[in-house]
Amino acid sequence: MTNKIGLFFGSFNPIHIGHMVIANWFVEYTDLDKVWFVVSPQNPFKEKRSLLTDHHRLALVRIAIEDDPRFWVSDIEFKMPQPSYTIDTLTYLDEKYPDKKFVILTGSDQLPTFDKWKNPERILELYQLYVYARPGFKGSKYDKHQHVNIFKTLQMEISSTFIRKSIKEGKDMRYMVPSKVWEYMREMHFYE
């Protein structure tokens, strides 16, 4: 039975190989049993206008992970008030899945602004953060917190922003995203 779940929140606009490598690393090198990709409809710190529609981003994640039983995709935040806040999603998931222990997966770039999240103290009181160090990470005030675990995962400088911009410029990004995702994106003319 799967008990410890890593929640990988993101807009996944689009999902790319960096996301896949990080999720794979956490399942293989930590005590997590599974990683759930929680597709966010709107990050309170990002503008919505740059997002591909919710159902298309969800479809891209489903396509990316469909052959891997260690991964699952959740659209739970689509059904919640927007913008979505991590603490609200965690509260809901705890109620719906009382037999699961949830851990937040996040990049080190989120730590310097973690105190701007809704109820950050409550999150740290109730949940662990598994943080993957991003290139150039120098540390933050949360590094020594008992519920913050920083991992030196593979360092990859790849972003959804770079992929979207490159596609708009007519560049071939087929090796930056899972192959089935690339096929679907080309067929749907996403980001062109």
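Reading guide: rules and limits
Residues numbered from 1 in each chain as written. Predicted model: local features only at pLDDT ≥ 70, side-chain atom pairs only at ≥ 80, totals over all residues. Heavy atoms only, no water. Core = buried A, V, L, I, M, F, W, Y, C linked by side-chain atoms within 4.5 Å. Buried < 20%, exposed > 50% of the residue type's maximum accessible area, 1.4 Å probe, protein only. Helix = DSSP H or I, 4+ residues; strand = E, 2+ residues; numbered from the N terminus. Contact = heavy atoms within 4.5 Å.

Student: Can you explain the nonpolar core? Please cite residues and give values.
Tutor: One finds Phe-8, Ile-15, Phe-26, Val-35, Phe-37 and Met-185 to be the most contacted residues of the largest nonpolar core, which totals 37 residues. Listed by contribution, the elements that provide at least two residues to this core are α1 (17-29), β2 (34-39), α2 (54-65), β3 (71-74), β4 (101-107), β5 (128-132), α5 (160-168) and α6 (179-188). Met-185 has contacts with Pro-14, Leu-60, Ile-167, Val-177, Phe-190 and Tyr-191, leaving out every residue within four places of it along the chain. Formed by 23 residues, the second largest nonpolar core is a distinct cluster that contains Trp-36, Ile-76, Trp-117 and Tyr-127.

Student: Describe the environment of Tyr-175, and please don't skip the residues or the numbers.
Tutor: The topology assignment puts Tyr-175 in the loop between α5 and α6. The exposure class assigned to Tyr-175 is exposed, which follows from its relative accessible area of 67%.

Student: If you had to explain unusual backbone geometry to someone new, which residues and values would you point to?
Tutor: At the junction of Asn-13 and Pro-14, the peptide bond is cis and its omega measures out at 5 degrees in the coordinates. Relative to the assigned elements, Pro-14 resides in the loop between β1 (4-10) and α1. With an omega of 0 degrees, the peptide bond running from Gln-82 to Pro-83 counts as cis. Secondary-structure assignment places Pro-83 in the loop between β3 and α3 (86-96). Positioned with a positive phi, Asn-119 is a non-glycine residue whose angle comes to about 50 degrees. For Asn-119, the location among the structural elements is in the loop between β4 and α4 (120-126).

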